[in-house]
Amino acid sequence: FQLTLDLTPNGARLASLFDRGRERELLGTNPAPLFAVILRRADRTEPERLEADSGWTHTVLRPTRGGFEIRWERPQNPAWEGLAVVAAAEADAKAAAWHWRLRVEDRNPSWSVWRVVFPQLVLRPPGERAAVVFPRGPGEVQPGVWERPFSYHGNYPSGWCSMPWMGVFAAGEPSAGLYCAVHDPWGSTKDLDLRADPATQTVRLWFDHPASNMGVSSNGFVLSGEAVWQLLRGDWFDAALIYRSWVRKEARWWPSLKSGQRADTPQWMRELDAWAMTGGAPAECVSNVIRFQGALGEPIGFHWYNWHQIPFDNDYPHYFPAKAGFDKGVAALKQARVYVMPYINGRLWDTHDRGSQDFEFNRLALPAATKGEDGQPCVESYGSKETNGEPVKLAVMCPTTPLWQKTVSDTVLRLLNQDGTSAVYVDQIAAAAPALCMDPAHGHPLGGGHWWNEGYWHLLEAIRQAKPSAAVLTTECNGEPFVRWFDGYLTWHWQFDGQ
């Protein structure tokens, strides 16, 4: 896998990505800058952009053991004095791959690194019947995008950007392609983008990383993990095997396995064949679920919605008291070999959490809610209405805060220990992307990084240590960095052609 760079008076740019085994050039004729650094001054809101191929007065490449290092320094704009970028590439000859690390040095007190786009690649078709693969939902393949408009944007980690890798491959023989990934053991938040340009018959791939402590002067940036470009022989499945091989060795969320199975997941969960998903008061659903189990003649699970007196997506997180007879319904279902899994939400607090009134949000929850740059809480709406007809506005809570960790833990453990449920479904954790919280009172780095994951890891680990050994935790969708702490993912989101 031959990589060629051009050093210019103003920077450096990719000149070629050549597959010597297939005698094929992969790089498009309109290559993008290898990186872009988005900067903001403390006294301005408009971002400015510094790229790899322009704006520098001094760029040096030096060989290293197994590869090379490039250093960009002395920006042409004197206001950017003290900014430098260092990229190091190491060759893996056995895998026909290049592994990249990147850091931004910021010794200028007037500027903050806001985002870093790296890597960026513009690729021509790798052969006949070419296609792209990207991580929407369970992964998606789109053929022929070099000839038609197409774009994808995903916020990782989430259900619509489940893993941070993309690729191109040719279905014709001989197979050829390129795997492009960020192997990040922490699962830091990042955006993945893919855009086709039929006019040039190219596809552009890029990874956009919100910086840790964005808005803080001289924060700099270090890529979490490394970027990987690897020649691909095969299709999407072979690309997935490359990523899986890395995950099993390095990812901090990979669970402990025994004979290929989760040692910490009860056998009943691993063997369960069917689930009922319905809800309402016990009188409305328990007898029907028991009849369903009887018709199958095997144990089943029951994903129980609306077991609580509050409406759905409203007045969260005040789930108790449950609807009348809930505990007795759980007992009857267990007697009938039904494993009960009630629904709760793991992210949201209603800003009007008692009908249309503010009950505890401003007094208790607001300090622990995620905040934007303006200091206002990040809110979401899902179609539910308050008692006065207005949309329910649900604040996204910060998982690093003691209040939210205790709120979720208390709810889950009450359902498992007092009500006797077999599981709890904690909605949205592996579905919704991290919020770039800017509240300094929370103690986490502002904006980007992997603090969001770590907050949930700590929350969920505490629950797993305290829960009954036979109980399980599940969540929505399939954002990967939480798999170690959940026994099941509800992957309902098969929404696009080509998945």
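### Quick word on the packing of helix α6 (residues 402–418) against helix α7 (residues 451–466)
Part 1 of the argument: At a closest axis distance of 10 Å, the pairing of α6 and α7 adopts a crossing angle of 30°. Considering the angle they form, α6 stands roughly parallel to α7. The crossing of α6 and α7 is right-handed. Listed contacts from α7 to W404, Q405, V408, S409, V412 and L413 of α6 are G455, Y456, H458, L459, I463 and A466.
Part 2 of the argument: Across the contact of α6 with α7, the residue classes tally to eight nonpolar, four polar and no charged.

### Some remarks on the environment of H209
Part 1 of the argument: Locating H209 in the fold gives a position in strand β17 (residues 202–210).
Part 2 of the argument: Residue classification places H209 among the buried residues on the basis of a relative accessible area of 3%.
Part 3 of the argument: A C-alpha to C-alpha distance of 10.0 Å links H209 and P119, two positions 90 residues apart in sequence.
Part 4 of the argument: The contacts of H209, once residues within four sequence positions are left out, are W114, R115, V116, F118, V182, K190, F221 and L223.

### Re a nonpolar patch on the surface
Part 1 of the argument: Taken together, W236, F237 and L241 make up a surface patch of nonpolar side chains, about 300 Å² in accessible area.
Part 2 of the argument: Structurally, the position occupied by F237 is in helix α1 (residues 236–250).

### So, the pairing of strand β28 (residues 423–427)
Across a regular strand the side chains alternate sides, sitting on one face of the sheet and then on the other.
Part 1 of the argument: Summarising burial for β28: five of the five residues are buried, a large majority.
Part 2 of the argument: Of the two faces of β28, both are covered, the one formed by A423, Y425 and D427 as well as the one formed by V424 and V426.
Part 3 of the argument: Direction of pairing for β28 relative to strand β29 (residues 472–476): parallel, over a ladder of four bridges. Across the sheet, the residue bridging to V426 is T475, located in β29.

### Description of the nonpolar core
Part 1 of the argument: Among the nonpolar cores identified, the biggest contains 140 residues, and L17, W72, W100, L102, W229 and W304 are the most heavily contacted of them.
Part 2 of the argument: Counting residues in each nonpolar core, the second largest holds eight residues, with A36, W114, V117 and W206 among its members.

### Here we look at the side chain of Q405
Part 1 of the argument: One can find Q405 in helix α6.
Part 2 of the argument: Among residues more than four places away in sequence, those in contact with Q405 are P399, T400, G455, H458 and L459.

### As for the state of the cysteines
Part 1 of the argument: For the structure on display, the rule yields zero disulfides.
Part 2 of the argument: The thiol of C378 is not disulfide-bonded; the next cysteine sulfur, from C437, is found 6.6 Å away.
Part 3 of the argument: The structure places no disulfide on C477, whose sulfur is separated from the nearest cysteine sulfur, that of C161, by 12 Å.

### Some thoughts on the packing of helix α3 (residues 282–296) against helix α4 (residues 326–335)
Part 1 of the argument: Across the interface, α3 lies against α4 with an axial gap of 10 Å and an inter-helix angle of 0°. For the element pair α3 / α4, the angle class is roughly parallel. Here P282, V286, V289 and I290 of α3 lie close against α4, whose contacting residues are F326, G329, A332 and L333.
Part 2 of the argument: Of the residues in the contact of α3 with α4, the class split is seven nonpolar, one polar and no charged.

### Observations regarding α4
Part 1 of the argument: Taken together, the buried positions of α4 are occupied by F326, G329, V330 and L333. Buried residues along α4 cover an arc of 100° about the axis, so they all sit on one side. Across α4 from its buried face, at more than 90 degrees, point the exposed residues K328 and Q335.
Part 2 of the argument: Along its buried surface, α4 packs onto α3, β23 (300–305), β24 (338–345) and α6.
Part 3 of the argument: R337 occupies a position one or two residues after α4 and carries a positive phi of about 65°.

Rules of the game
Residues numbered from 1 in each chain as written. Predicted model: local features only at pLDDT ≥ 70, side-chain atom pairs only at ≥ 80, totals over all residues. Heavy atoms only, no water. Axes fitted to C-alpha atoms, helices over the stretch in contact; angles between N-to-C directions. Helix = DSSP H or I, 4+ residues; strand = E, 2+ residues; numbered from the N terminus. Parallel < 35°, antiparallel > 145°, perpendicular 65-115°, else oblique. Left-handed = near helix turned anticlockwise from the far one by under 90°. Contact = heavy atoms within 4.5 Å. Nonpolar A, V, L, I, M, F, W, Y, C, P; charged D, E, K, R; others polar. Buried < 20%, exposed > 50% of the residue type's maximum accessible area, 1.4 Å probe, protein only. Patch = residues over 30% accessible without salt bridge, like charges linked within 9 Å, V, L, I, M, F, W, Y side chains within 5 Å. Areas by Shrake-Rupley, 256 points an atom, 1.4 Å probe, with all protein chains shown as cover. Salt bridge = Lys/Arg side-chain N within 4 Å of Asp/Glu carboxyl O. Pairing = 2+ DSSP bridges. Core = buried A, V, L, I, M, F, W, Y, C linked by side-chain atoms within 4.5 Å. Disulfide = S-S within 2.5 Å. Arc of directions from axis to C-beta.

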